[in-house]
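# Understanding the architecture of this molecule
Okay, here's what each chain looks like letter by letter:
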Amino acid sequence: MKIWINNKEYEAEPGESVLEVAIRNKINIPHFCYHEDLPVGASCRTCLVEIKDTGKIVTSCTLKAENGLKVSSETEKVKRLRLKNIELLLANHYKNCPKCQQGLFCPVAKEAKEYSASMTKYDNPEKKSEVHNIGGAIEFDPRLCIACNKCVAVCKKLGIGILEMKGKNIDNHATINQDRNIDCIYCGQCTVHCPVGAIREKSEIESVERALNDDNKIVIAQMAPSVRASIGEEFGLPVGTDLTGQIYTAFRKLGFDKVFDVNMGADITTIIEAEELIERIHNNKNLPMFTSCCPAWVKFVEFYHPEIIDNLTTARSPQIHAGAAYKTWWAKKEGIDPKNIVVVSFMPCTSKKYEAHSEKFKVDGLSPVDYVLTTREFATLLRKQSINISNLESSEVDTPGTFSGAGVIFGASGGVMESALRTAYNKMTGKDLNKLEFEEIRGIEGIKKASIKIGEKTLNVAVVSTMKNAKKIIKEMNKYDYIEVMACPGGCIGGGGQPIPTTLRITKKRAKALYSIDSKMKMRKAHENPIVKDFFDNLPDSDREKILYTTYSRKNKFE
Amino acid sequence: MNIIEKIERAGLVGRGGAEYPTAKKWQDVRLAPGDQKYVICNASEGEIGLFKDIFILENYTEQVVRGMILALEYLETKDAFFNINEKYYHQIESKILKIIDKYNQQGYNIQFFIEEPSYIGGEETALLNAIEGKRTEPRLKPPYPSIEGLYGKPTLINNVETFYNVACVDDNTFSATRFFSISGKIKNPGVYQLPDDITIEKLLKETNNLPDFDFFVQIGGSASGLVLNKEQIKEQKMIGAGGLEVYDKTTPPKDVVLRWLKFYQKESCGKCTPCRVGTYQLYNLVKNNSEIPWSEVFEILETLKETSFCALGKSVEVPITSYYKNVL
Ligand code: SF4
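## Quick word on the packing of aromatic side chains
Applying the stated criterion across every chain, the model contains 34 aromatic pairs over all chains. Here Phe260(A) and Trp330(A) contribute two aromatic rings whose centre-to-centre distance is 5.3 Å and whose plane-to-plane angle is 80°, an arrangement assigned as edge-to-face. Residue Phe260(A) is found in strand E12 (residues 258–261), and its partner Trp330(A) is found in helix H13 (residues 318–334); the two are separated by 70 residues along the sequence. You'll find Phe260(A) and Trp330(A) in the same group, each marked buried. With a centroid separation of 6.3 Å and 50° between ring planes, the pair formed by Tyr38(B) and Phe81(B) is classed as tilted. A residue pair is termed long-range when its members are at least 10 positions apart, and Tyr38(B) in strand E1 (residues 38–43) and Phe81(B) in strand E2 (residues 79–85) qualify at 43 residues. With respect to class, Tyr38(B) is no different from Phe81(B); both count as buried. Aromatic rings pair up to connect Phe290(A), Trp297(A), Phe300(A), Phe303(A) and Tyr304(A) into one cluster.

Next up, the structure:
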């Protein structure tokens, strides 16, 4: 099927909208409420085209491609109407937007500029509502909301639904449902779907800058697996570009004293989690075992399903394991007072902020991780220092950040389980796996199931992402021995702190980059990591509990 | 003759404003696949200048309900909703409940959905959302309610007057009349039932309402209706939902326009940009200037007309443009 957009012929699939064809062919038609993974809302009215035959103006998101259809997005009429709608949509945005004020323009503001739309021509009434802080992870400024509905739609689609559109006419905007039985899990999918930064991560950039400027502090940077495969998008590089080495260089340029890697923490987590799995299987206790490295999932269990708390692995998560390792084992080795260490995690995630600030992880009074920046905040930090990451030379991680390939794949849905299985196999059979790849639990499908033979034993496993799928699996959890759950579609690689836009298609490409890094590594099993071995060898028995394990408890709304 | 033939022969069209052929609408729902179907009587009547639905409900309650029963029979279903404006409900509650109870005892299931009075609440798909407990805002069409309506099931939605007409058609008492809501600066406001092809001038004469001062009118409804001058009403017949309002031509234009804009900016559901923000900006633009800044007003009006999501937003320009062209 062929259609014409702006006098050029394009191939279209049956059922595809004109906007989808345009996006696929990189034709810029501005759109603020459309997202390829969400139902079409058609409310922003900016993706306008004119149909050649009839002269009718329609939204391209709702216009289905038909053979021979000819449309234009650049007639005078379309330009005029589009401009007006962009101006109406962004009335008040500039005035209230802290980012615009700093000259850090988001894609929407850039789009407004591109179309010479005034962001100050129209004045909307001031919404009296103040900025809401959600769990120290997310904040929501209703004054910036352009009522595109994407946050509401994604939150509902993922199985939570705490956001809703409220108010008629000019008052319509996203709000937080006050129902006591619905709570936010801080996954941040709303923030990665907000086109204007009205709902966004709670920024910690200033705290990090302060630490970097403090000569008395040893500031450590550690990045999560997923950040290396996505930060490039913020600087115009193709999706799925691995920038591991460039990121290390960037950290050094930003003034971090030490450059470590959350992947090392992932190797610790893998070992603890694999051991616990084996023990539970051996004792046939608290099965299935659920992963717990996703704090949004943990919050979901603690709020919605406290009855399965005992099924969560008691292993702490990678950033927490690593942070505590730096502040104990490494600090001791280096003769540094851990009080002077500041650990900054770079994560694809907002709920990691919530996790890092949790009192329960403190070791000797210190939080293992002091600050968490999302991938987007990382990009902002770099831009503020005029560092373009794509121009940097690659460099190596500092030795204490050494990691295995198993740590890298933690970022993709199925990766935590695959890493644990690589190690569990070794521990259960005393042998090494011939083939390390567990293909059946890879990929972005929301529910993946497999039966995996380890020696004499067959493990029934499931890997799920999003709470909607988690609800389904909880209902039938007795069929399984081990279940990995991540809150975000496709796992952390599609996380709420990742660059905008994030879509399933983009997530897939990013995940591929992680698996490719793993496949090229020599050391691909957590238990082979010499740094981790050294850490365990020097870990006094008396410290194991407080550094390696955690507990859970029933939570109330916003707790 | 069966009911659908009778409706077709009588040439019934929707009386909520859209004037869609009633027989066609009924057949669409009948032919739509699905074991569960719904009938909805729309008594929202949220536009200013319209009050004929409540008149019919008060005076012909029995006929309206019987029209619904005929639809239920035709569609072989029992389930219906009465989407009713809260104000109206209190006015007719005691009368209508008795009739509906009678039918419900015979196995029908007619329920009330009492809505907060609003303009958008009368839009067919917005009304479906409201009954389903969702936000009162229009849905994307297609799918049309006749195929995927209430809870995704084929649904017939007709206005109060249409159901009344259906009952008359069935009784063979139907004559080609309609109900007119007449208001404004006149002596005898009220609802009149007269031939549907009467000209507006004649309508004013026959109801003893022809002004003796310089005037203009708005027909269809007093928000979305068309504005016409004295000359134009000689030929013009009624349109839309049958409202007729008479205005004094000496009323300051700002007052005339502001009344429409005040209504629209309040009634916009808030879903789409041009209507949500556009009507608000228009209202302020007119309110805060001593003279109406026409070119700026028309810029926004064009955007509303061409790009609004639903008919509410698209219609904002109708009264204002026609007022400007025909009266000023
Ligand atoms: S035009 Fe848009 S904002 Fe106005 S009522 Fe329709 S959908 Fe709602």
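The discussion continues.
## Brief notes about the sheet that holds strand E6 (residues 132–134) of chain A
Residues and elements named next belong to chain A. Taken in spatial order, the three strands of this open sheet run E6-E7-E10, and their pairing is antiparallel. Edge strands, defined here as strands with exactly one partner in the open sheet, are E6 and strand E10 (199–201). Strand after strand, the sheet turns through a mean of 25° between neighbouring axes, direction not considered. Sheet topology places E6 next to strand E7 (residues 138–140); three bridges connect them, and they run antiparallel. Directly across from His 132, in E7, lies its bridge partner Phe 140.

## Let's talk about helix H1 (residues 3–10) of chain B
Residues spaced three or four apart along an α-helix face the same direction, because each turn holds 3.6 residues. Residues and elements named next belong to chain B. Among all positions of H1, only Ile 3, Ile 4, Lys 6 and Ile 7 are buried. One face of H1 carries all of its buried residues, which in axial projection span an arc of 160°. Looking at the buried side of H1, the elements it contacts are helix H2 (22–31), helix H4 (61–75) and helix H7 (160–171). The positive-phi residue at the C-terminal boundary of H1 is Gly 11, with phi of around 70°.

## A word on the interface of chain A and chain B
Taken together, the 31 residues of chain A in the interface contact 26 residues of chain B. Both sides together, the interface formed by chain A and chain B hides about 2,300 Å², and carbon and sulfur atoms give 53% of it. Across the pair Glu306(B) and Lys77(A) runs a salt bridge whose closest N-O atoms are separated by 3.1 Å. There are 20 residue pairs in polar contact (both at pLDDT 80 or more) connecting chain A and chain B. Counting residues per element, the ones that place at least two in the side of chain A that touches chain B are helix H2 (76–89) and strand E8 (163–166) of chain A. Sorting elements by how many residues they give to the side of chain A that touches chain B places H2(A) first, with seven residues. Split into classes, the residues belonging to the side of chain A that touches chain B amount to 15 nonpolar, eight polar and eight charged.

Quick notes on the rules
- Residues numbered from 1 in each chain as written.
- Chains lettered and ligands numbered in written order.
- Predicted model: local features only at pLDDT ≥ 70, side-chain atom pairs only at ≥ 80, totals over all residues.
- Heavy atoms only, no water.
- Phe/Tyr/Trp six-rings, centres within 6.5 Å; stacked < 30°, edge-to-face > 60°.
- Helix = DSSP H or I, 4+ residues; strand = E, 2+ residues; numbered from the N terminus.
- Buried < 20%, exposed > 50% of the residue type's maximum accessible area, 1.4 Å probe, protein only.
- Pairing = 2+ DSSP bridges.
- Axes fitted to C-alpha atoms, helices over the stretch in contact; angles between N-to-C directions.
- Arc of directions from axis to C-beta.
- Contact = heavy atoms within 4.5 Å.
- Buried area = accessible area lost by both parts, 1.4 Å probe.
- Salt bridge = Lys/Arg side-chain N within 4 Å of Asp/Glu carboxyl O.
- Polar contact = N/O pair within 3.5 Å; in protein donor to acceptor, adjacent residues only side chain to side chain.
- Nonpolar A, V, L, I, M, F, W, Y, C, P; charged D, E, K, R; others polar.

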